[in-house]
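Here is what each chain is made of, one letter per residue.
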Amino acid sequence: MSSEVSVALGTDPWQALHAAAVEAMRHAYAPYSGYPVGAAALADDGRTVVGCNVENAAYGVTLCAECGLVSQLHLTGGGRLTHFVCVDRDGAVIMPCGRCRQLLWENGGPSLELLTVSGLRPMEQVLPDAFGREDLEGSARG
């Protein structure tokens, strides 16, 4: 599957991102839950990055779609996420879990726009009072 879907930053990206998330979901590996998930996001340079969930018999090491998406973000040049959507097997928009909300915060920050079950929301509403990089400033690094 190509990750080279691009959306002009001046246009409404949601239809293209939703389609990319649905396509990513079709590549999910979900033999245990039967719950395939796809995610797509727009990076600040116009790249679209995608991810799908990859389950594991040891459930604790299952990867959420957002994990694959963030990995692809860094693999293809880094940057910041600006728009994000996540879908289930039917293409319905779903919310990221708490762990993935933290992952999205780290890579998009408070202004990252999410298409949620309640409509468009900035990340600061999806994960209020988030813990981030600024909280670690001044701490010992070893």
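Just so it is clear, the structure is predicted and the values come from calculations on it, not from any experiment.

**Description of the pattern of salt bridges**
Applying the stated criterion to the full structure yields three salt bridges. The shortest N-O distance in the salt bridge between Asp45 and Arg47 comes to 2.9 Å. Residue Arg47 is classed as buried on the basis of its relative accessible area, which comes to 12%. Linking Arg133 and Glu106 is a salt bridge whose minimum nitrogen-to-oxygen distance equals 3.9 Å. In this pair, Arg133 sits in helix 5 (residues 133-136) while Glu106 sits in helix 3 (residues 98-108), placing the two residues 27 residues apart along the sequence. For Glu106, a relative accessible area of 34% gives the class partly exposed.

**Focus on the pairing of strand 5 (residues 119-122)**
Of the strand pairs in this sheet, strand 4 (residues 113-116) and strand 5 are connected by four bridges, and their pairing is antiparallel. Counted as the bridge partner of Thr116 is Gly119 from strand 5. Where strand 4 folds back on strand 5, the antiparallel hairpin that results is connected by two residues.

**Brief notes about the sheet that holds strand 5**
Here five strands make up an open sheet; going across it, the order is 2-1-3-4-5 and the pairing mixed. In this open sheet, the two edge strands, each paired with only one partner strand, are strand 2 (48-52) and strand 5. Strand-to-strand twist in this sheet, taken as the mean axis angle between neighbours without regard to direction, amounts to 20 degrees. The sheet contact formed by strand 3 (residues 81-87) and strand 4 spans two bridges and is parallel. Residue pairing for strand 4: His83 is matched across the bridge by Glu113.

**Let's talk about the packing of helix 2 (residues 65-75) against helix 3**
Packing of helix 2 against helix 3 leaves a shortest axis separation of 10 Å and a crossing angle of 20 degrees. Considering the angle they form, helix 2 stands roughly parallel to helix 3. Between helix 2 and helix 3 lies a crossing of left-handed hand. Residues Glu66, Cys67, Val70, Leu73 and His74 of helix 2 lie in contact with helix 3, whose contacting residues are Arg99, Cys100, Leu103, Leu104 and Asn107. Here the residues of the contact of helix 2 with helix 3 sort into six nonpolar, two polar and two charged.

About the criteria used
- Residues numbered from 1 in each chain as written.
- Predicted model: local features only at pLDDT ≥ 70, side-chain atom pairs only at ≥ 80, totals over all residues.
- Heavy atoms only, no water.
- Salt bridge = Lys/Arg side-chain N within 4 Å of Asp/Glu carboxyl O.
- Buried < 20%, exposed > 50% of the residue type's maximum accessible area, 1.4 Å probe, protein only.
- Helix = DSSP H or I, 4+ residues; strand = E, 2+ residues; numbered from the N terminus.
- Pairing = 2+ DSSP bridges.
- Axes fitted to C-alpha atoms, helices over the stretch in contact; angles between N-to-C directions.
- Parallel < 35°, antiparallel > 145°, perpendicular 65-115°, else oblique.
- Left-handed = near helix turned anticlockwise from the far one by under 90°.
- Contact = heavy atoms within 4.5 Å.
- Nonpolar A, V, L, I, M, F, W, Y, C, P; charged D, E, K, R; others polar.

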